[in-house]
Amino acid sequence: MKILVVYATGSGCARETAGVIAEALTALGHEPRVEDAKAAPAPDGFDAVIAGSGVRAGKWHKSLGVWLGRHREALAARPLATFTVCLMMRDPEKHRDSVRAIGDAALGKLGLTPVSAGLFPGWFFPERFGFFERLILKMMRTPVGDFRDLEAVRAWARSTFPG
């Protein structure tokens, strides 16, 4: 199965997560292609799409929303899965519903429903964030580090599009 994996990122975390998803899909015999939403790749010619983003100010990155809107009709005609990378997912029991709502809000405006939605913790390396984001995250006492669970990312990809 040919699968387009589209991401939007600020710090690079969603890009790396998309790469891990693609590796898991390749191991199952799929043919994934990873693209930045800013590059505006067309979903034509793909059997399925995975679209994901990091979170800024409680929303997906704007470039992913623009991409989803531009390709809404094509996306509605094939399986669409989504993923969200968010530091709040360090505590999934507390924040799962609010993080899921971020993607649901973006997709709901477009009338799109994913076949699966992966929710994953990200990272906080201050040097990879802009000044104001760094300031806000430090004021919130966000711990520095990589909180990703890459095996959970792989497991989600395998369960979403098994070989």
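What you see is a predicted model; the values in this text were computed from it and never measured.

Caption draft 1: Looking closely at the overall build of the protein. If you tally the helices and strands in the protein, you get six helices and eight strands. Ordered by position from N to C terminus, the α and β elements of the protein give β-α-β-β-β-α-α-β-α-β-β-α-β-α. Since a compact globule built from 163 residues should have a radius of gyration of about 15 Å, the 15 Å found for the protein is in line with a globular shape. Over its C-alpha atoms, taken along the principal directions, the protein stretches across nearly 45 × 30 × 30 Å. A separation of at least 24 residues holds for 77% of the contacts in the protein among residues at least 6 apart in sequence. Carbon and sulfur atoms make up 53% of the accessible area of the protein, which totals about 8200 Å². For the protein, the centre of its 22 positive side-chain charges and the centre of its 17 negative side-chain charges are spaced 6 Å apart.

Caption draft 2: Focus on the pattern of salt bridges. Summed over all chains, the structure comprises six salt bridges. Linking E16 and R148 is a salt bridge whose minimum nitrogen-to-oxygen distance equals 3.2 Å. Placement of E16 in helix α1 (residues 13-27) and of R148 in the loop between β8 (145-146) and α6 (150-160) is noted, with a sequence separation of 132 residues between them. The class for R148 is buried, based on a relative accessible area of 18%. Ionic pairing is found between R158 and E151, a salt bridge with its closest N-O pair at 2.6 Å.

Caption draft 3: Molecular detail of the nonpolar core. Membership of the largest hydrophobic core comes to 25 residues, with the highest contact counts inside it found for I21, L25, I50, F83 and W156. Those elements giving two or more residues to this core turn out to be β1 (2-8), α1, β3 (48-56), β5 (80-85), β7 (123-124) and α6. In terms of residue count, α1 provides more of this core than any other element does, seven residues in total. Discounting residues that sit within four places of it in the chain, W156 has contacts with I21, I50, A81, T82, F83, S116, A117, G118 and F120. The next biggest cluster of nonpolar side chains, apart from the first, holds 22 residues, and it includes V6, L64, V99 and L112.

Caption draft 4: Up close: the packing of α1 against α6. Close contact between α1 and α6 brings their axes to 8 Å; oriented N to C, the two are set at 50 degrees. By the angle between their directions, the pair α1 and α6 is classed as oblique. Considering only the axes of α1 and α6, their crossing is right-handed. Every residue of α6 that contacts α1 at T17, V20, I21, A24 and L25 is listed here: L150, V153, R154, W156, A157 and R158.

What counts, and at which threshold
Residues numbered from 1 in each chain as written. Predicted model: local features only at pLDDT ≥ 70, side-chain atom pairs only at ≥ 80, totals over all residues. Heavy atoms only, no water. Helix = DSSP H or I, 4+ residues; strand = E, 2+ residues; numbered from the N terminus. Rg over C-alpha atoms; globule rule 2.2 N^0.38 Å. Contact = heavy atoms within 4.5 Å. Areas by Shrake-Rupley, 256 points an atom, 1.4 Å probe, with all protein chains shown as cover. Lys, Arg positive; Asp, Glu negative; His and termini not counted. Charge placed at Lys NZ, Arg CZ, Asp CG, Glu CD. Salt bridge = Lys/Arg side-chain N within 4 Å of Asp/Glu carboxyl O. Buried < 20%, exposed > 50% of the residue type's maximum accessible area, 1.4 Å probe, protein only. Core = buried A, V, L, I, M, F, W, Y, C linked by side-chain atoms within 4.5 Å. Axes fitted to C-alpha atoms, helices over the stretch in contact; angles between N-to-C directions. Parallel < 35°, antiparallel > 145°, perpendicular 65-115°, else oblique. Left-handed = near helix turned anticlockwise from the far one by under 90°.

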